[in-house]
Amino acid sequence: MSSYPVKSLTAMIKNYIKTAFRGLLKNKAFTAINVLGLALGLATCLLIVFYVFDELSYDRFNTKADRIFRVSNDIKFGGVQTAFAVTPAPAAEALKKDFPEVEQAVRFINRGGFQVKKGNQNIQEYSMIYADSTLFDVFTLPMIAGDPRTSLKEPHSVVITERTAMKYFNNTNVVGKVLTFNDTALFKVTGVIKDIPKQSHFNFDFFMSMSTIKDGRDNAWFSNNFSTYILLKPGADYKKLEAKLPGFLRKEAGPQLESILHMTFDKLEQGGSHFWLGLMPLTKIHLYSHLQFEMDANGDIEYVYIFSAIAIFILLIACVNFMNLSTARSSNRAREVGVRKVLGSPRKYLIAQFLTESIIVTLVGAIIAVFTAWAMLPLFNDMSGKQLTVTAQILGWLLPAMFIIIIVIGCLAGSYPAFFLSAFQPIDVLKGKLASGFKGGRLRSFLVVFQFAISIFLIIGTIVIYNQLKYIQNKDLGYNRNQVLVVQNVWTLGTRAKSFKQEVTQLAGVQSATLTGSLPTTGYGNNSSIFKQPAVDAKKAILSAEWTVDWDYVKTMGMKIIAGRDFSKDMATDSTGLIINEAAAKLLAFSDPLNQFLYEPQDNMAKTFKQYHVIGVMKDFNFKSLRENVTPLILFLGEDRGALSIRIKSANAPAVLAQVKNTWEKVSPNQQFGYSFMDQDFDAIYRSEQRMGKISVSFTSLAIVIACLGLFGLAAYAAEQRTKEIGVRKVLGANISNIVGMLSKDFITLVLIAICIASPLAWWAMHSWLQDFAYHQNVQWWVVAVAGFSAILIAFVTISFQSVKAALTNPVKSLRSE
């Protein structure tokens with residue numbers, strides 16, 4: 001070979017390609033099925049890879065990402081354990097002071113949104129946060145105007161993003177200009193930064209100076225309000241630092257603990273309580289962190305694993321199809337191999353010929369797949385809630401990856417005919433001693449079982465996910481979220497909020513309304529300790545969520561009082577009354593909780609307490625995700641103007657909404673009207689699960705289509721190889737059903753084997769997934785039955801098309817050569 005001139009080698013390669021194209025065009029159906037199956041599989045795989053790549057890229061735009069860590073807080077007190085993404089105010093400065101490996105620290109605190117004035121209109125903004133002046137020392141937020149070293153040092157300073165500058169000033173050269181918040185607060189623009197990438201676990205448009213607020217100077221170690229990040233020096237080991245944090249807490253927070261609880265950390269932990277700090281790498285927050293008070297809704301590494309598995313499964317099914325059809329077709333080419341060898345063709349030329357054909361099919365499929373994935377990207381973005389685009393960075397790894405995939409798949413699929421058939425002796429092949437037909441293909445049988453096992457696994461998984469989503473949507477949560485209109489930012493009305501509520505309740509379509517920002521679908525509210533006596537004692541306390549509500553809250557939300565009574569305007573003593581849920585009552589362990597006294601600290605050092613009395617116990621309702629059990633909750637009677645929730649009488653919600661909006665514009669004509677419906681807010685909590693369900697259904701359907709394409713091709717070849725047998729059977733009296741049964745039996749047997757293999761594996765996997773939900777359904781037996789029956793039915797319909805066609809063929813034609 002090496003002695004041949006270059007022109008001869010080029011001519012030989014051209015001959016391989018030309019011969020390969022002739023062979024592929026000669027078997028158009030085979031080629032179309034292979035190309036279509038590969039293209040669908042690769043396109044689906046590419047879309048999922050784009051999704052996974054996007055999820056794994058969060059926060060990596062920060063040049064110091066590998067050295068940035070968020071400080072988290074885990075508290076167990078009074079029998080309740082809660083993990084927070086926030087820490088005490090002094091933690092950042094103390095960490096920097098006590099540990100030389102900490103280079104810098106920065107804190108954030110979220111106080112909700114503000115109304116920002118633009119001309120005569122007030123625009124509600126939510127993407128706002130207070131931050132320390134060290135923000136730009138830790139995070140990579142390129143500034144296009146202003147000085148990052150001084151921009152957040154002075155009180156009432158604000159740094160805004162590029163899009164915000166364009167929104168309010170129509171240009172980015174705005175340093176020194178003033179923004180008005182809530183009609184009174186004036187903030188000077190001291191910097192403009194580039195828009196934060198979407199792949200960030202926080203995405204704010206306004207960064208206000210921490211020195212503006214009093215909380216920034218708070219020295220309380222047992223009040224958690226600040227998101228705290230530290231930047232370690234190069235080479236520092238965060239695990240070693242984390243191991244030092246218990247001693248750090250004892251030193252820094254110990255004196256306050258002894259002042260409040262009159263005990264040391266050791267005694268606190270001996271009593272079953274704890275107060276821990278931990279560190280989480282910045283690049284892991286988006287996928288691995290699901291604590292209370294996260295800056296934004298995070299993703300889930302579990303979904304990355306699930307979608308990655310689906311991508312691999314679909315790619316395997318497509319490859320199995322390719323290999324199956326290649327091996328099935330190769331048996332028909334045995335005589336061709338024999339003739340070529342008799343005419344002197346060396347084995348290496350035969351191997352090269354078969355591999356060339358296989359790689360050409362893979363190449364065409366890959367090209368179609370790339371364009372298909374690009375065309376389907378907008379639809380996939382809509383399903384997944386992403387904004388994926390094909391960037392230069394993606395192309396940088398996509399093109400080499402596609403090249404490797406083409407070579408690997410092409411060689412694997414062509415390996416059987418290339419290495420197995422080319423090894424046979426010509427005399428054996430030409431005498432017909434090479435076993436052919438479907439029954440002789442053990443490899444093909446294994447591959448059919450493999451691909452249908454994957455398909456059945458995906459069917460079971462999809463049904464379980466769908467059922468769990470339905471269960472969540474229909475579960476009795478302990479409150480009625482239907483027909484509730486939530487008007488947001490009522491606090492901007494100030495003292496007019498109560499009159500707005502009164503006017504709304506007089507509308508014909510309104511049943512009742514409640515004025516509070518503490519709603520089951522928002523999780524808004526505080527977490528605090530409440531005690532059974534006016535002294536701090538962990539054994540006589542619980543850590544509970546605390547919501548401030550008005551008299552109409554319970555009835556408007558449709559909650560149930562199971563003991564005692566609701567708040568009443570006629571009872572003056574209700575100003576110190578409490579309604580607790582069943583979870584709180586259980587942990588407080590009163591024989592009868594009604595009229596029992598509870599005490600809440602009125603300052604950070606727990607020097608004074610306010611006395612309350614329990615007037616009612618309400619049935620537990622889910623105010624967190626259904627992934628979590630219901631935790632203690634206490635309702636206080638008070639003033640909270642966060643939102644107005646309105647229960648609508650009639651089904652004509654649009655008409656009531658229009659009336660409420662008109663009332664708002666009369667009360668506050670310059671304030672922006674914002675609203676939502678509570679059932680939609682609830683659905684938003686499980687949006688990631690809903691998206692996962694849609695994607696799973698779509699990709700499972702594609703997997704089944706690809707598997708059926710392969711089965712269709714195999715059935716065609718099985719029928720072709722048994723043409724004479726079918727003709728003899730028809731001559732001897734066999735009818736169509738006999739022929740269809742004969743041809744289908746082998747395939748259906750393989751599908752049954754696949755069901756037996758896939759069912760227990762799918763049950764185990766989905767059972768494990770459901771354990772992440774505190775409230776869930778079990779994997780029912782009928783799910784496996786439906787999946788199995790569906791697989792058999794799909795396979796039978798696919799096979800029957802070719803079987804019936806073969807059965808209807810005139811036996812004279814098939815036996816003519818005999």
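Presented here is a report on the structure given in the accompanying data block.

What counts, and where the lines are drawn
- Note that residues are indexed from 1 along each chain, following the sequence as it is written.
- Residue-level local features of this predicted model are given only where pLDDT is at least 70; pairs of side-chain atoms are given and counted only at 80 or more, and the full residue set underlies all totals for whole chains, interfaces and linings.
- Note that the side-chain values use all heavy atoms of the structure and ignore hydrogens as well as water.
- Helix and strand definitions follow DSSP, with helices as H or I runs of at least four residues and strands as E runs of at least two, each counted in order from the N terminus.
- Exposed residues in this analysis have more than 50% of their type's maximum accessible area, buried residues have under 20%, and partly exposed residues fall in between, with area computed by a 1.4 Å probe over protein chains only.
- By definition in these notes, contact holds between two residues if any of their heavy atoms fall within 4.5 Å.
- Areas reported here follow the Shrake-Rupley algorithm with a probe of radius 1.4 Å; residue values treat only the protein chains shown as occluding.
- Salt bridges are identified by distance alone: a Lys or Arg side-chain nitrogen within 4 Å of an Asp or Glu carboxyl oxygen.
- Only Phe, Tyr and Trp rings are paired, with Trp represented by its six-membered ring, and only when their centres lie within 6.5 Å; those with planes under 30 degrees apart are stacked, over 60 edge-to-face, the remainder tilted.
- We count a charge as sitting over a ring when the NZ of a lysine or the CZ of an arginine lies within 6 Å of the ring centre and within 35 degrees of the ring normal.
- Strand pairing is assigned whenever DSSP identifies at least 2 bridges connecting the two strands.
- To get an axis, a line is fitted to the C-alpha atoms, and for a helix only the part in contact is used. The angle between two axes follows their N-to-C directions and goes from 0 to 180 degrees.
- To count toward a patch, a residue needs a relative accessible area above 30% and no salt bridge. Like charges then connect within 9 Å, nonpolar side chains (Val, Leu, Ile, Met, Phe, Trp, Tyr) within 5 Å.
- Sulfur atoms of two cysteines make up a disulfide when they are within 2.5 Å.
- Small angles under 35 degrees read as roughly parallel and large ones over 145 as roughly antiparallel, with 65 to 115 read as roughly perpendicular and the rest as oblique.
- Handedness of each helix crossing follows the sense of rotation of the near helix against the far helix: counterclockwise by less than a right angle gives left-handed, clockwise gives right-handed.
- Three categories are distinguished: nonpolar for Ala, Val, Leu, Ile, Met, Phe, Trp, Tyr, Cys and Pro, charged for Asp, Glu, Lys and Arg, and polar for the others, with Gly belonging to the last.
- We define a nonpolar core as any set of buried Ala, Val, Leu, Ile, Met, Phe, Trp, Tyr and Cys residues linked to one another through side-chain atoms lying within 4.5 Å.
- Two N or O atoms count as a polar contact when they lie within 3.5 Å, although within protein this holds only if one can serve as hydrogen donor and the other as acceptor, and sequence-adjacent residues are included solely when both atoms are side-chain atoms.

**As for the overall build of the protein**
Scanning the protein from N- to C-terminus turns up 25 helices and 25 strands. When each of the 818 residues of the protein is scored for burial, the buried share is 52%. Contacts spanning at least 24 positions in sequence make up 79% of the contacts within the protein whose residues lie at least 6 apart. With the model as given, the accessible surface of the protein reaches about 37,200 Å², and the carbon-plus-sulfur share is 58%.

**Considerations on the pattern of salt bridges**
All chains considered together, the criterion is met by 20 salt bridges. A salt bridge links Lys 386 to Asp 54, with the nearest nitrogen and oxygen atoms 2.6 Å apart. With a gap of 332 residues between them, Lys 386 in the loop between helix H12 (347–384) and helix H13 (392–420) and Asp 54 in helix H2 (residues 28–56) connect regions that are remote in the sequence. For Lys 386, a relative accessible area of 12% puts it in the buried group.

**Here we look at the packing of aromatic side chains**
In the structure shown here, the tally under the stated rule is 35 aromatic pairs. Pairing Phe 139 with Tyr 229 gives two aromatic rings, centres 5.2 Å apart and planes at 75 degrees, and the pair type is edge-to-face. In this pair, Phe 139 sits in the loop between helix H4 (135–138) and strand E8 (143–146) while Tyr 229 sits in strand E13 (residues 224–232), placing the two residues 90 residues apart along the sequence. The residues Phe 139 and Tyr 229 share a single accessibility class, namely buried. Centroid distance Tyr 479 to Phe 621: 6.0 Å. Interplanar angle 80 degrees. Geometry classified as edge-to-face. You can see Tyr 479 sitting in the loop between helix H15 (442–474) and strand E15 (484–488) and its partner Phe 621 sitting in the loop between strand E22 (609–618) and strand E23 (633–637), a full 142 residues away along the chain. Taking the relative accessible area as the measure of exposure, Tyr 479 reaches 6% and is therefore buried. Judged by its relative accessible area of 1%, Phe 621 falls in the buried class. One residue, Arg 107, lies across the ring of Phe 226, its end atom 5.0 Å from the ring centre.

**Points about the sheet that holds strand E16 (residues 510–515)**
Judged by pairing direction, the sheet is antiparallel, and its 4 strands sit side by side in the order E16-E24-E15-E25 without closing on themselves. This sheet does not close on itself; its edge strands, each paired only once, are E16 and strand E25 (675–677). Neighbouring strand axes in the sheet, compared pairwise and without regard to direction, differ in orientation by 20 degrees on average. Relative to E25, E15 runs antiparallel, the two sharing 3 bridges. By the bridge assignment, Leu 485 is partnered in E25 with Phe 677. Where helix H19 (residues 653–667) meets the sheet, its contacts fall on E15, E16, strand E24 (643–648) and E25, and the angle it forms with E15 comes to roughly 25 degrees. Docked against the sheet, helix H20 (residues 678–685) engages E15, E24 and E25, running at close to 75 degrees with respect to E25.

**Concerning a nonpolar patch on the surface**
Taken together, the side chains of Phe 403, Ile 404, Ile 407, Val 408 and Leu 412 present a nonpolar region at the surface, about 460 Å² in accessible area. Structurally, Phe 403 can be placed in helix H13.

**Remarks on the state of the cysteines**
Going through the model one piece at a time under the given rule, you end up with 0 disulfides. A disulfide-free cysteine, Cys 319 has its sulfur positioned 8.9 Å from the sulfur of Cys 45, the nearest such atom.

**Focus: the packing of helix H3 (residues 91–98) against helix H6 (residues 238–252)**
Where H3 contacts H6, the two axes come as close as 11 Å, and the packing angle between them is 110 degrees. Classified by the angle between their axes, H3 and H6 sit roughly perpendicular to one another. The two elements H3 and H6 meet at a crossing, and its hand is right-handed. Residues Ala 91, Ala 94, Leu 95, Lys 97 and Asp 98 of H3 form the contact with H6, whose own contacting residues are Leu 245, Phe 248, Lys 251 and Glu 252. Among the residues forming the contact of H3 with H6, the class breakdown is 5 nonpolar, no polar and 4 charged.

**Description of the environment of Gln 451**
Assignment of secondary structure puts Gln 451 in helix H15. You can call Gln 451 buried: its relative accessible area is 0%. Sequence-wise, Gln 451 and Gly 710 are 259 residues apart; in three dimensions their C-alpha atoms are separated by 9.5 Å. What Gln 451 contacts, discounting residues up to four positions off in sequence, is Ile 317, Val 320, Asn 321, Asn 324 and Ala 707.

**Some details on the packing of H15 against helix H24 (residues 781–807)**
H24 packs onto H15 with a crossing angle of 135 degrees between their chain directions and a minimal axis gap of 9 Å. In terms of orientation, H15 and H24 fall into the oblique class. Viewed along their axes, H15 and H24 form a crossing whose handedness is right-handed. Between H15 and H24, the contacting residues are Phe 452, Ile 456, Ile 459, Ile 460, Ile 463, Val 464 and Asn 467 on the first element and Trp 782, Val 783, Val 784, Val 786, Ala 787, Ala 791 and Ala 795 on the second.

**Describing the environment of Phe 623**
Position of Phe 623 among the secondary structure elements: in the loop between E22 and E23. What makes Phe 623 buried here is its relative accessible area of 7%. Spatially, the C-alpha atom of Phe 623 lies 9.7 Å from that of Ser 518, the residues being 105 residues apart in sequence.

**A closer look at the nonpolar core**
Counting 116 residues, the largest nonpolar core has Trp 547 and Leu 635 as its most contacted members. In terms of nonpolar packing, the next biggest core, distinct from the first, is built from 33 residues, Ile 75, Ala 92, Val 102 and Leu 245 among them.

**Comments concerning the environment of Asp 640**
Looking at the element boundaries, Asp 640 is found in the loop between E23 and E24. Residues Asp 640 and Gly 517 lie 123 residues apart in sequence; the distance between their C-alpha atoms is 6.4 Å. At 3.4 Å, the side chain of Asp 640 forms a polar contact with the backbone nitrogen of Gly 517.

**With respect to the pairing of strand E12 (residues 206–209)**
Alternating positions in E12 separate into two faces, Phe 206 and Met 208 on one and Phe 207 and Ser 209 on the other, with burial throughout. For strand E7 (residues 128–131) and E12, the ladder comprises 4 bridges, and the chain directions are parallel. From the neighbouring strand, Ile 129 faces E12, where its bridge partner is Phe 207. Examined bridge by bridge, strand E9 (residues 157–161) and E12 share 3 bridges and lie antiparallel to one another. Bridge assignment links Ile 160 to a residue of E12, and that residue is Phe 206.

**A look at the side chain of Ser 358**
Along the chain, Ser 358 falls in helix H12. What makes Ser 358 buried here is its relative accessible area of 5%. Sequence-distant contacts of Ser 358, defined by excluding residues within four places in its chain, comprise Phe 322, Ile 409, Gly 410, Ala 413 and Gly 414.

**Looking at the pairing of E24**
Taken across its 6 residues, E24 has 6 buried, putting it largely inside the fold. By the alternation rule, side chains of E24 split into Ala 643, Ser 645 and Arg 647 and Leu 644, Ile 646 and Ile 648, which are all buried. Inspection of the sheet shows E15 paired to E24 by 5 bridges, in the antiparallel sense. Considered in E24, the bridge of Val 486 is made with Ser 645. Direction of pairing for E16 relative to E24: antiparallel, over a ladder of 5 bridges. The residue bridging Ser 512 from the neighbouring strand is Arg 647, located in E24.

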